[in-house]
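# What the coordinates show
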Amino acid sequence: MSKGILVTAGVKEILLAQSKPIEILKQGEKIGFQRGMLTVSILDQMIAEFEKLKQPIPDKMTQSIGRTIAPIKETEPVKIQYRNNLPDWREQDFSGLATDVDLDIFVHYDITGNSTTEGKMGDIQACFNDRLDSIRKMIVTNSRLPRKPQEIGRLNVEYRRYQGYENLAVAIGLVNEPRHTKNGHLMFGLEDETGEMNCLLTIRQGDDRDRMHEQVVEAGLMPDDVLGVSGSFSQTGDIFYVDDLFFPMKDKHDKVSANVGVSVAFLSDIHVGSKTFLEAQWHKMVRWFHTDPLAKTIKYLVLSGDCVDGVGIYPGQDKELAIPDLFGQYTEFARLLELLPDWVECIMLPGNHDAVRPAEPQPTFEKDIQQDYNKTTFVGNPCDFSLHDVRLLSYHGKSIDDFVAGLRTVTYAEPVEAMRQMLRRRHLAPQWGGKTPLSPELEDGLVIREVPDIFVTGHVHGHECIDFRGTTLVCSSTWQDQTSYQKMLGFQPKPCMLTVINLQSHKSTSIPFA
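This report concerns the structure included in the present document. (Residues numbered from 1 in each chain as written. Predicted model: local features only at pLDDT ≥ 70, side-chain atom pairs only at ≥ 80, totals over all residues. Heavy atoms only, no water.)

To continue, consider the sheet that holds strand E13 (residues 345-349). Judged by pairing direction, the sheet is mixed, and its six strands sit side by side in the order E14-E13-E12-E11-E20-E21 without closing on themselves. Single-partner strands in this sheet number two, and they are strand E14 (376-378) and strand E21 (508-512). The average undirected angle you get between the axes of adjacent strands in this sheet is 25 degrees. Across five bridges, strand E12 (residues 298-304) lies against E13 in parallel orientation. Across the sheet, the residue bridging to Leu-303 is Met-348, located in E13. Contacts between helix H7 (residues 279-291) and the sheet are confined to strand E11 (263-267), E12, strand E20 (497-502) and E21, with E20 contributing the most and set at about 30 degrees to the helix. (Pairing = 2+ DSSP bridges. Helix = DSSP H or I, 4+ residues; strand = E, 2+ residues; numbered from the N terminus. Axes fitted to C-alpha atoms, helices over the stretch in contact; angles between N-to-C directions. Contact = heavy atoms within 4.5 Å.)

Another aspect to go through is the packing of helix H1 (residues 9-16) against helix H11 (residues 416-425). Across the interface, H1 lies against H11 with an axial gap of 10 Å and an inter-helix angle of 90 degrees. Considering the angle they form, H1 stands roughly perpendicular to H11. Of the residues in H11, those in contact with Ala-9, Gly-10 and Glu-13 of H1 are Glu-417, Arg-420 and Arg-424. The residue inventory of the contact of H1 with H11, partitioned by class, reads one nonpolar, one polar and four charged. (Parallel < 35°, antiparallel > 145°, perpendicular 65-115°, else oblique. Nonpolar A, V, L, I, M, F, W, Y, C, P; charged D, E, K, R; others polar.)

Bringing the nonpolar core into the picture now. One finds Ile-270, Trp-282, Leu-303, Phe-333, Trp-479 and Leu-498 to be the most contacted residues of the largest nonpolar core, which totals 42 residues. Setting aside chain neighbours within four positions, we find Trp-282 in contact with Leu-267, Ile-270, Phe-277, Phe-333, Leu-336, Leu-337 and Trp-479. (Core = buried A, V, L, I, M, F, W, Y, C linked by side-chain atoms within 4.5 Å. Buried < 20%, exposed > 50% of the residue type's maximum accessible area, 1.4 Å probe, protein only.)

Before going further, it helps to examine the sheet that holds strand E17 (residues 454-457). Read across the open sheet, the six strands follow the order E5-E15-E16-E17-E19-E18; overall the sheet is mixed. One side of each edge strand has no neighbouring strand; the edge strands of this open sheet are strand E5 (105-109) and strand E18 (464-468). If you compare each strand with its neighbour and ignore which way they point, the axes differ by 25 degrees on average. Across five bridges, strand E15 (residues 383-387) lies against strand E16 (residues 390-394) in antiparallel orientation. By the bridge assignment, Asp-384 is partnered in E16 with Leu-393.

We now examine empty space enclosed by the protein. All told, the structure shown has three cavities of 30 Å³ or more when counted by the stated rule. Of the volumes computed, that of the largest cavity is approximately 70 Å³. Along the walls of the largest cavity sit 13 residues, with Cys-127, Leu-438, Ser-439, Asp-444 and Leu-446 positioned nearest its centre. Among the residues forming the lining of the largest cavity, the class breakdown is six nonpolar, two polar and five charged. (1 Å grid on protein atoms, 1.4 Å probe; cavity = no way out; pocket = protein on both sides within 12 Å on 5 of 7 lines; lining within 4 Å. Points joined across faces, edges and corners; volume = space filled by probe spheres on them.)

On the surface, Tyr-485, Met-488 and Leu-489 cluster together into a nonpolar patch covering about 380 Å² of accessible area. With respect to the secondary-structure elements, Tyr-485 resides in helix H12 (residues 484-489). (Patch = residues over 30% accessible without salt bridge, like charges linked within 9 Å, V, L, I, M, F, W, Y side chains within 5 Å. Areas by Shrake-Rupley, 256 points an atom, 1.4 Å probe, with all protein chains shown as cover. Salt bridge = Lys/Arg side-chain N within 4 Å of Asp/Glu carboxyl O.)

Turning to the pairing of E16, a few remarks are in order. Most of E16 is tucked away: four of the five residues are buried. Two successive antiparallel strands, E15 and E16, enclose a turn made up of two residues, where His-388 displays a positive phi of approximately 55 degrees.

This paragraph deals with the side chain of Asp-225. Along the chain, the position of Asp-225 falls in the loop between helix H6 (211-219) and strand E9 (226-233). Its relative accessible area of 1% is what places Asp-225 among the buried residues. Of the polar contacts made by the side chain of Asp-225, one reaches the backbone nitrogen of Met-222; its length is 2.8 Å. A distance of 2.9 Å separates a polar atom in the side chain of Asp-225 from a polar atom in the side chain of Arg-425. The residues touching Asp-225, leaving out its near neighbours within four places in the chain, are Gly-173, Leu-174, Val-175, Arg-425 and Pro-430. (Polar contact = N/O pair within 3.5 Å; in protein donor to acceptor, adjacent residues only side chain to side chain.)

One can describe the packing of H7 onto helix H8 (residues 326-338) by two numbers: an axis separation of 10 Å at closest approach and a directional angle of 30 degrees. Compared by their axis directions, H7 and H8 come out roughly parallel. Mapping the contact onto sequence places Glu-279, Trp-282 and His-283 in H7 and Glu-332, Phe-333, Arg-335, Leu-336 and Leu-337 in H8. Residue classes in the contact of H7 with H8 are distributed as four nonpolar, one polar and three charged.

What follows is about the packing of aromatic side chains. Counted according to the given criterion, the structure contains 12 aromatic pairs. Their ring planes at 80 degrees and their centres at 5.7 Å tell us that Trp-282 and Trp-479 sit as a pair that is edge-to-face. On the criterion of sequence distance, the pair formed by Trp-282 in helix H7 and Trp-479 in the loop between strand E19 (471-475) and H12 is long-range, its members being 197 residues apart. The class of Trp-282 is buried, set by a relative accessible area of 0%. With relative accessibility at 0%, the residue Trp-479 sits in the buried group. Ring centres 6.3 Å apart and planes at 55 degrees place the aromatic pair Phe-333 and Tyr-373 in the tilted group. With Phe-333 in helix H8 and Tyr-373 in the loop between helix H9 (367-370) and E14, this pair connects stretches of sequence that are 40 residues apart. Per residue, the accessibility class of Phe-333 equals that of Tyr-373, and both read buried. Ring-pair connections join several aromatic residues into one group, and the members of that group are Trp-282, Trp-288, Phe-289, Tyr-330, Phe-333, Phe-365, Tyr-373, Phe-378, Trp-479 and Phe-513. (Phe/Tyr/Trp six-rings, centres within 6.5 Å; stacked < 30°, edge-to-face > 60°.)

Below is the structure:
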């Protein structure tokens, strides 16, 4: 802050993971960066400059003056970073063979066969009441509230008791119409079952500056977020000045490790049937699966939606289809999966291009589609399940579109930030009436009721694998080349990256096939 450098939450976490973050920031002068927004690429350059300082300078005085006839000692072996142009991995981190282990898949939540909504007003109210009640309990459990939260309706009546810095009130509710003022402050409504109040989160100055507050003000809030606030009322009671915010995510999650060393791999957005589907790279991956030692540890392959391109998804799609028949696309994808080794079990869920209802949570595929597939477990979207006691949450990720539109710090270039925000809110798609159609179930199926050990999404055709507060975040890679729509937007996808995570060691690697 003293140097005038701004960072996003993602960059901040990378920086704090370094041993000497202040020394790294000092390298900005060498690369021509003085102040402004610090991006991941600029930070990588700073780290590279700092690493150069750590390299020892050879001492010329200790070198032999005469000619060296033969080396006095054997040269140190070269550290091999890549093996056959693929990322290196240690055998002790990927120790189990998939053929030695039986299947162990336990589904905790799947909407398939459990959807009871009729879409009436009562269903919508029940859905939001369940969301508010569930996340309210998480906030009370995981956040350090200064006092017991009270009903908003009661606070509005007794607002004179909660005026001034010493008379704090605490409330938990749903966010309504978040917006920024002309001065850059954040205003929003907060609503529970009893009433609503207008909240104001201001930008603090001087000694009262709070970085967490600044990040929230900078990013904004999502409509229909559930969060807690503490603060006091104005003299007239029409504005609640927010002193602190409380999100439902706890500070750190402790991963569960499997008792066997098998691995799980992740893919998404295959888009079979499109002219831009990368079939040659798929066959390259199939050969790798049959020959590479790492592939023999992969027991599960999670396919997070949009495995086919679909039909009639967007205007003019028929001109970009190599397989114009929907069932033909699913049959072709089944044939491609059959090329994988017998030891691989696929777990397949739908996305917004698939032949299921668009409203989330989405049930799994119809029996007419499933009949062509062997070695495949079909689940809904999202799906909360365990592999050998390791908990996974797989979600296609359509709501990333809403997070990009609603939060200033989330972009398609760094979709993993949207995943962080989902975990902070303990909800996959908070906004009602946005780009993501939602089904008002009596029990909100998009609440993250248990923090997963591995959280995976797709949809945006990017690729990332990082750790966030003890949860491994995986943005699955696509198997589709740049489309005409992406070319118009100037978006470059990151295709053909297979992410592999060991369920025992939780070590990860990404295999490129492009």
